[in-house]
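# Report on the structure
The chain contents come next:
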Amino acid sequence: MHLAQLNVAHLRAPIDSAELAEFVALLEPVNAIADQAPGFVWRLKESDDDPTLTLSHDYGDHLLLNFSVWDSIESLWNFTYRSGHLPVLRRRREWFLRMAEPTMVMWWIPEGMIPTLAEGMERLERLKAEGPGPEAFTFRDPYDSSEAASLPAAADVRK
């Protein structure tokens, strides 16, 4: 099983504003760290040619999305908290509004599968509505991939 993750953030200003210029300048180096991180499998990109472009979507102009797949929860943890991503993460309040609801969700997928953005948003909504479980969880309340492998949705995809 692989780990899918989606996180969302509400920008303090438009992405092309002077207020977010430093954040935009950090996108390319942080994305390069992710792309080269051990255990990284895939991430949704707006463009292969311009690493500073953020994802276009229908979920609101000031909502920034990060959507990726990793080979394990440990790989994602190491990228998030033990790489050059951490100094940028620590500055998130400069660029993003604080949210009272969950902004990140993880779930297990069969190896080789690429989830859809709609599925990621549905998993985030499930986490908000029901709390963590094997189909939508967080670093704080993780679930083992063996628990997800027994779920009907995962079994159906493998057929």
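Before reading further, recall that the structure is shown in the block above.
A brief look at the structure comes next. Note that this is a predicted model, so its numbers are computed, not measured.

## Some words on the side chain of Ser75
Of note, Ser75 is situated in helix 2 (residues 73–81). By relative accessible area, which is 11% here, Ser75 ends up buried. One polar contact links Ser75 to Ser72, side chain to side chain, over a distance of 3.0 Å. Those residues within four positions of Ser75 in sequence are excluded, and the remaining contacts are Pro38, Gly39 and Trp70.

## So, helix 1 (residues 21–36)
Each full turn of the α-helix corresponds to 3.6 residues, which orients residues three or four apart in the same direction. Counted at 1.5 Å a residue, the expected span for helix 1 with its 16 residues is 22 Å, and the 24 Å between its end C-alpha atoms agrees. Of all the bends in helix 1, the greatest, near 35 degrees, is centred on Leu27, and the proline Pro29 appears no more than four residues after it. Each element contacted by the buried residues of helix 1 is listed here: strand 2 (40–43), strand 3 (63–70), helix 2, helix 3 (85–90) and helix 4 (92–95).

## Re the pattern of salt bridges
Counting across every chain of the model gives eight salt bridges. For Glu94, the salt bridge goes to Arg91, with nearest N and O atoms at 2.8 Å. Judged by relative accessible area, Glu94 falls into the partly exposed class, the value being 40%. For Arg91, a relative accessible area of 25% puts it in the partly exposed group. Glu101 is paired through a salt bridge with Lys128; the nearest N and O atoms lie 3.1 Å apart. Placement of the pair is Glu101 in the loop between helix 4 and strand 4 (104–109) and Lys128 in helix 5 (residues 117–130), with a sequence separation of 27 residues. Since its relative accessible area comes to 40%, Glu101 is described here as partly exposed.

## Concerning helix 5
Between the first and last C-alpha of helix 5 there are 20 Å, a value that for 14 residues agrees with the 20 Å anticipated at 1.5 Å per step. Next to the buried residues of helix 5 lie strand 1 (2–10), strand 3 and strand 4. Gly131 lies just past helix 5 and shows a positive phi near 85 degrees.

Rules behind the numbers
Residues numbered from 1 in each chain as written. Predicted model: local features only at pLDDT ≥ 70, side-chain atom pairs only at ≥ 80, totals over all residues. Heavy atoms only, no water. Helix = DSSP H or I, 4+ residues; strand = E, 2+ residues; numbered from the N terminus. Buried < 20%, exposed > 50% of the residue type's maximum accessible area, 1.4 Å probe, protein only. Polar contact = N/O pair within 3.5 Å; in protein donor to acceptor, adjacent residues only side chain to side chain. Contact = heavy atoms within 4.5 Å. Expected span 1.5 Å × (residues − 1). Bend = angle between axes of the 7 residues up to and from the residue. Salt bridge = Lys/Arg side-chain N within 4 Å of Asp/Glu carboxyl O.

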